[in-house]
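# Inside the fold
Take a look at the letters that make up each chain.
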Amino acid sequence: MALPFFYKEDIASGLNSVVMDEDTSKHIVQVLRMKNGEQLHLTDGKGKIFLCEIINDQRKKCEVTILKTSDIPYPTSNVCIAISPIKNNNRFEWFLEKATEIGVQQIIPVICERTEKTTFKSERLNNILVSAMLQSQQAWLPVLQAPIPFRKVIDDCDHQQKFIAHCAEDAKRALTDVNNPSLLSKIILVGPEGDFTDAEIEYASAQHFIAVALGNTRLRTETAGIVAATLLCNP
């Protein structure tokens with residue numbers, strides 16, 4: 001049976017022991033009923049996994065000693081999903097959870113002309129990313145950027161492959177046909193519920209973003225994000 005998996009931000013190099021925060025301590029001691037001498041895994045979300053043993057099973061300040069440290073390589077592909085926030089918080093949170101499980105490395109909430117929601121609770125969303133990382137037993141926590149205007153995302157982009165998924169009748173190619181597995185740094189733009197405007201599509205195309213289709217049906221924003229993540233992370 002796999003050991004329980006927990007997150008602890010900024011575990012300093014060379015530490016022999018770690019004291020967990022109160023919420024994690026309660027989960028370890030009260031919920032899982034773990035005792036001194038039992039083992040668990042910790043990750044810092046930055047590529048390290050620590051095999052630990054409980055040495056002080058206090059329910060508010062559980063302390064563990066580090067037995068072994070493993071370095072997990074950064075994912076081979078660096079996939080960024082730049083997606084418009086949507087009005088329904090639950091649907092956007094679902095997207096964040098599933099994108100993390102799939103292996104997306106960066107998520108940019110992109111503010112488009114038709115975006116209806118431009119703010120969110122970053123702490124709650126980051127907690128969702130952490131939970132999804134732990135659920136999927138990963139050691140790299142995706143980076144969730146603050147909301148960025150559409151044109152700034154375009155102008156600052158330095159990815160090797162750049163895609164924009166839209167619903168306009170313009171000529172588009174299937175993402176599976178143009179995705180080059182040998183190019184490891186990729187970004188795809190996914191628009192709001194009203195889609196990108198013609199001007200936004202033209203601006204992205206002028207900056208060498210490739211217009212792509214994600215299938216034969218019209219998808220919700222969050223579904224399009226998941227389809228794109230799946231195709232790019234698992235070519």
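Structure shown above.
From a predicted model like this one, the values you see are computed outputs, not experimental measurements.

A few words on the overall build of the chain. If you tally the helices and strands in the chain, you get seven helices and 13 strands. Its C-alpha atoms give the chain principal-axis dimensions of roughly 65 × 35 × 30 Å. The buried share of the chain, taken over its 235 residues, is 45%. The long-range share in the chain, meaning contacts at least 24 apart out of those at least 6 apart in sequence, stands at 74%.

The next point concerns the pattern of salt bridges. As enumerated under the stated definition, the model contains 10 salt bridges in all. Among the salt bridges present, the one from Lys 26 reaches Glu 22, with a minimum N-O distance of 3.2 Å. Here Lys 26 and its partner Glu 22 are both found in helix 1 (residues 22-31), four residues apart, which amounts to about one turn of the helix. Between Lys 48 and Asp 71 there is a salt bridge whose closest N-O contact spans 2.5 Å. A residue pair is termed long-range when its members are at least 10 positions apart, and Lys 48 in strand 4 (residues 48-56) and Asp 71 in strand 5 (residues 63-71) qualify at 23 residues. Of the residues examined, Lys 48 reaches a relative accessible area of 29% and is grouped as partly exposed. Taking the relative accessible area as the measure of exposure, Asp 71 reaches 55% and is therefore exposed. One network of salt bridges, in which partners are shared, links Arg 91, Glu 193 and Glu 222.

It is worth spelling out the packing of helix 2 (residues 89-102) against helix 7 (residues 221-233) at this point. Here helix 2 crosses helix 7 at 5 degrees, and the two axes come no closer than 9 Å. Between helix 2 and helix 7, the angle is such that the two are roughly parallel. In contact with Arg 91, Trp 94, Phe 95, Lys 98, Ala 99 and Ile 102 of helix 2, helix 7 contributes Glu 222, Gly 225, Ile 226, Ala 229, Thr 230 and Cys 233.

As a further point, take helix 1. Turning to helix 1, its buried residues number three or more, namely Thr 24, Ser 25, Ile 28 and Val 29. An end-on view of helix 1 places all buried positions within 110 degrees of arc, on one side of the element. With respect to the buried face of helix 1, the exposed residues turned more than 90 degrees away are Asp 23 and Val 31. In this structure, the buried side of helix 1 is in contact with strand 1 (5-7), strand 3 (39-43) and strand 4. Regarding helix 1, its N-cap is Asp 21, as a side-chain oxygen of that residue lies 3.1 Å from the backbone nitrogen of Asp 23 further along.

The rules we used
- Residues numbered from 1 in each chain as written.
- Predicted model: local features only at pLDDT ≥ 70, side-chain atom pairs only at ≥ 80, totals over all residues.
- Heavy atoms only, no water.
- Helix = DSSP H or I, 4+ residues; strand = E, 2+ residues; numbered from the N terminus.
- Buried < 20%, exposed > 50% of the residue type's maximum accessible area, 1.4 Å probe, protein only.
- Contact = heavy atoms within 4.5 Å.
- Salt bridge = Lys/Arg side-chain N within 4 Å of Asp/Glu carboxyl O.
- Axes fitted to C-alpha atoms, helices over the stretch in contact; angles between N-to-C directions.
- Parallel < 35°, antiparallel > 145°, perpendicular 65-115°, else oblique.
- Arc of directions from axis to C-beta.
- Polar contact = N/O pair within 3.5 Å; in protein donor to acceptor, adjacent residues only side chain to side chain.

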